[in-house]
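# Inside the fold
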Amino acid sequence: LEQMQARIALLKHHADAGDLTQYLHDSGTKDLDGFEKGLDLLSTHRGTQSELISGIIGGIDKVVETTQAQSRLQKTLAVQEDVDLISVLHAVLELLSENWREKGISWALESHDEAGVALANVILHTEKVRLFNMIHNLLKNAGESFAKGRFDRPHISIHVATQNGEVTLRINDNGCGIPEKELQQIGQMGFTTKSQPEGGEGGSGLGVHNGMIFMARIGGSLNIRSTGHHQGTGVEAVFPRGVMV
């Protein structure tokens, strides 16, 4: 019963996050299998568990309805258009800048082509909403890397480079870093390096996970690196040739 309740909670979380269809497509089918096995087990105790079974069936019906709604939404989100990567970065920084200033975090954004010439725009033909969400999550994570402990001159550098039609976005911070043991689990469903604060919620790990799925789907990659505790973290998103207009 507890496992089924956990699966229901996970499915509801994805429904609220707006990526239930993608989750079920990539790795969530086991949850539906779990529901089926659980119902088979509960059916042997039909006399005392009828209300529980009805509740679970109602929950599954709700998941199906939500999945159908998410499928329709996915068609909208998956629309590709010409998007300026630099403008998206500025928009995200505008959202985060006030919080960073309050915490004494500085940042710098640079962009250049293979000849070292500064770029005012980098146009990508991709899914704008998913690109924005991925960058927001990555920069938000960079800012939160300074939450644990004191840091001398906390700084985040954002670097965009183009070469031979390929675009690379690098985000580096000099924050808390990630231990090697945890680094190997980054991007796995449900794994997060953020501890749960008192009276609040910790991270879900979905931001990096969804970012990796998005980049893999367009033929790119998203990699996280760190040399350990208090050694900072580096993120590299590589957009494949053909995505840049």
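Residues numbered from 1 in each chain as written. Predicted model: local features only at pLDDT ≥ 70, side-chain atom pairs only at ≥ 80, totals over all residues. Heavy atoms only, no water.

Located in the positive-phi region is Arg153, a residue other than glycine, with phi close to 55°. The topology assignment puts Arg153 in the loop between α5 (128–144) and β4 (155–163). Residue Arg153 is classed as exposed on the basis of its relative accessible area of 70%. Positive phi, close to 55°, is recorded for Asn164, a residue that is not glycine. (Helix = DSSP H or I, 4+ residues; strand = E, 2+ residues; numbered from the N terminus. Buried < 20%, exposed > 50% of the residue type's maximum accessible area, 1.4 Å probe, protein only.)

Turning next to the side chain of Thr233. Residue placement: Thr233 occurs in strand β7 (residues 233–239). Those residues within four positions of Thr233 in sequence are excluded, and the remaining contacts are Ile171, Asn172, Asp173, Gly177, Ile178, Ile224, Arg225 and Ser226. (Contact = heavy atoms within 4.5 Å.)

If you walk through the whole model with that rule in mind, you get 5 salt bridges. Residue Glu127 is joined to Arg217 by a salt bridge in which the shortest nitrogen-to-oxygen separation is 2.8 Å. Here Arg217 lies in helix α7 (residues 206–217) and Glu127 lies in the loop between β3 (123–126) and α5, a separation of 90 residues in the sequence. Using a relative accessible area of 4% as the deciding quantity, one classes Glu127 as buried. For Arg217, a relative accessible area of 38% corresponds to the partly exposed category. Each member of the salt-bridge network shares a partner with another, and the members are Glu127, Arg130 and Arg217. (Salt bridge = Lys/Arg side-chain N within 4 Å of Asp/Glu carboxyl O.)

Attention shifts here to the side chain of Ser145. Structurally, Ser145 can be placed in the loop between α5 and β4. Within the structure, Ser145 has its side chain in polar contact with the backbone oxygen of Ala142 (distance 2.6 Å). A distance of 3.3 Å separates polar atoms of two side chains, one belonging to Ser145 and the other to Asp173. Those residues in contact with Ser145 that lie beyond four places of it in its chain are Phe151, Asp173, Gly175 and Cys176. (Polar contact = N/O pair within 3.5 Å; in protein donor to acceptor, adjacent residues only side chain to side chain.)

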